[in-house]
Amino acid sequence: MAVSNNKWYIWAIVLCADTTHSMPPWTWDTIQTYIHCANRTGEWNENALQILATQSFVVFEKMHKVWAQPVNTSAETKIADSCALVKKLNPRTDCYIYTESDWARTWYSLGHWVDMHTTDALQCPEEGDFINTTDVEVLSGVPPINGSKSFTYNFKAYDFTAPTMREAWVQRVLDAVATGHVDGAFIDGNRGGFGSGILGPCAEAKKASWARGLNESVFELARRLGPNRTTISNYPTPDALALCSGGMMERGGTRAQIASWSNKTCGLWGQPCVLDYHAQYADRNIATFNSSITNFLLGVYKYAYFGVGGGWGGDGPTACSSWFRRYPEYKKALGRPHSDAREFNTSYGVAYTREFSSGTKVFAGQVRKSLAVSVQVHCAVEWYRNPMCLSSSFARARCRRMLQYLPPDGRNSGACVFWSDGYITGNASRCPPPHTF
């Protein structure tokens, strides 16, 4: 940690004096969901706002309303205005501003500030060599803007070695929260640590100084926001979780990885960790959604939130449609879990089960890797030896089943949720009847 020992000692006294904190809304009644996206062309329509207001929290991305007036600037204000509309419908829904730590995008007022204060822009390997990037954004599904559907941007980078840059970066979020409509920040760009890929041309000493500066900036932001606000770090490291309220699993995670968060504490105030779980690719087909939600429910704990959506922005009335899809599972009764997921061995692998107080039950089976590989090899060899035989529909179906690593009877190999009202998520023919576990 870059923060001095004396500073930590002073803050230990303060933190011990006030251990209250505010977390995103939570209930065990149903699975808790969030939405993380942006409408690049304008404000959310009424239908979208109604759905946003049912979420535990929402995150509005960096390009939110970039092509709304004033064009190409003021994302801070635009995000706060959208948060106000959500909170007008439901004051309990938390709303977070996307906060980047790499490129000083001029979609934000802060990006324009960096353009005007070039001493706060990252310069490597020598002074005057500005680190920059080019970004091309293309309209989708809506008419051209001023005759164009493609827009090119050039952004400088933040230099967290500069005290004035650190203060401006922190103040940007504080100002948004001060509107009364924004509840915290989603921090991105420092994936896997406080360094960044943008530092490539910089000397090692500069990279280390920059990382310390970002570390101190996140600490200062969390400290000044206080215990009643939320900060979420993407791809979080233990060092990031020591400062932030929680983190995002952007590409999902295993049952064990989800469950491990239940024993963690996060942030300066030692509160429970917020898990922002993004079910990667679950929007692409129902089979992936079914397995994703089953996996999540096996590991879910208080303050773990489930999100499904492809991409982080869209245009027009249908912007972020995959995020706004309302799956039947979102309204199903859940209740507190009776225990953590139970694990038991089967003749071909391992299975996990979990039951909730509503009566909802979850099952997921896994085939041993060695068995899965042997099935693949067997099928490939048989095809090579006798392709004519395997050309029959029966043989092709059998081979497909083997390639999917299914045991001969198809049971105990699936992922299913047996909801208390009788609704079933997944293929019940691949799972044992709920009364048996």
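Along each chain, numbering runs from 1 in the same order as the chain's sequence is written. This being a predicted model, a pLDDT of at least 70 is required before a residue's local features are given, and a value of 80 or more before pairs of side-chain atoms are given or counted; all residues contribute to the totals for chains, interfaces and linings. Note: side-chain values were computed over all heavy atoms of the structure, leaving out hydrogens and water.

Focus on the overall build of the chain
Along the backbone of the chain there are 12 helices and 18 strands. Per-residue accessibility, obtained with a 1.4 Å probe over protein chains only, is compared with the maximum for each type, and a residue is labelled buried under 20%, exposed over 50%, and partly exposed between these values. Within the chain, the fraction of its 437 residues that count as buried is 52%. Only heavy atoms enter the contact rule, under which two residues are in contact if any of them lie within 4.5 Å. Residue pairs in contact within the chain that sit at least 24 positions apart in sequence constitute 66% of those at least 6 positions apart. Helix and strand assignments come from DSSP, with helices taken as H or I runs of at least 4 residues and strands as E runs of at least 2, each series counted from the N terminus.

Brief notes about the state of the cysteines
The rule for a disulfide is simple: a pair of cysteine sulfur atoms within 2.5 Å. Enumeration over the complete set of coordinates arrives at five disulfides. Covalent S-S linkage joins cysteine 37 and cysteine 320, the inter-sulfur distance amounting to 2.1 Å. Measuring handedness by torsion sign, the sulfur bridge of cysteine 37 and cysteine 320 sits at about -85 degrees and is left-handed. Of the two residues, cysteine 37 sits in strand 1 (residues 34-37) while cysteine 320 sits in the loop between strand 13 (304-307) and helix 10 (321-324), which places them 283 residues apart along the sequence. Each member of the pair, cysteine 37 as well as cysteine 320, is classed as buried. Covalent S-S linkage joins cysteine 266 and cysteine 273, the inter-sulfur distance amounting to 1.9 Å. What sets the handedness of the cysteine 266 and cysteine 273 disulfide is the S-S torsion sign, and at about 90 degrees it is right-handed.

Some points on the packing of helix 4 (residues 109-116) against helix 5 (residues 163-178)
Here helix 4 crosses helix 5 at 165 degrees, and the two axes come no closer than 10 Å. For the element pair helix 4 / helix 5, the angle class is roughly antiparallel. Crossing geometry of helix 4 relative to helix 5 is assigned as right-handed. The segment helix 4 lies against helix 5, with Leu110, Trp113 and Val114 engaging Thr164, Met165, Ala168, Trp169 and Arg172. Split into classes, the residues belonging to the contact of helix 4 with helix 5 amount to six nonpolar, one polar and one charged. Every axis corresponds to a line fitted to the C-alpha atoms, with the helix fit spanning only the stretch in contact, and the corresponding angles, defined between N-to-C directions, vary from 0 to 180 degrees. Oblique is the label for any angle not under 35 degrees, not over 145, and not in the 65 to 115 range, which are roughly parallel, roughly antiparallel and roughly perpendicular in turn. A crossing counts as left-handed when the near helix is turned anticlockwise from the far one by less than a right angle, and as right-handed when that turn is clockwise. Classification used: nonpolar for Ala, Val, Leu, Ile, Met, Phe, Trp, Tyr, Cys and Pro, charged for Asp, Glu, Lys and Arg, polar for all others including Gly.

Section: the side chain of serine 82
Here serine 82 is to be found in helix 3 (residues 75-89). A relative accessible area of 0% means that serine 82 is categorised as buried. Among residues more than four places away in sequence, those in contact with serine 82 are Glu43, Trp44, Phe60, His64 and Lys65.

Some points on the pairing of strand 16 (residues 361-367)
In terms of burial, strand 16 is largely enclosed, as five of its seven residues are buried. Where strand 15 (residues 349-355) lies against strand 16, seven bridges are found, and the strand directions are antiparallel. Within strand 16, the position partnered with arginine 354 by the bridge is valine 362. For two strands to count as paired, DSSP must find a minimum of two bridges between them. Connecting strand 15 to the antiparallel partner strand 16 that follows it, the hairpin turn spans five residues, and glycine 359 within it adopts a positive phi of roughly 105 degrees. With four bridges connecting them, strand 16 and strand 17 (residues 415-418) associate as antiparallel partners. Of the residues in strand 17, the one forming a bridge with valine 362 is valine 417.

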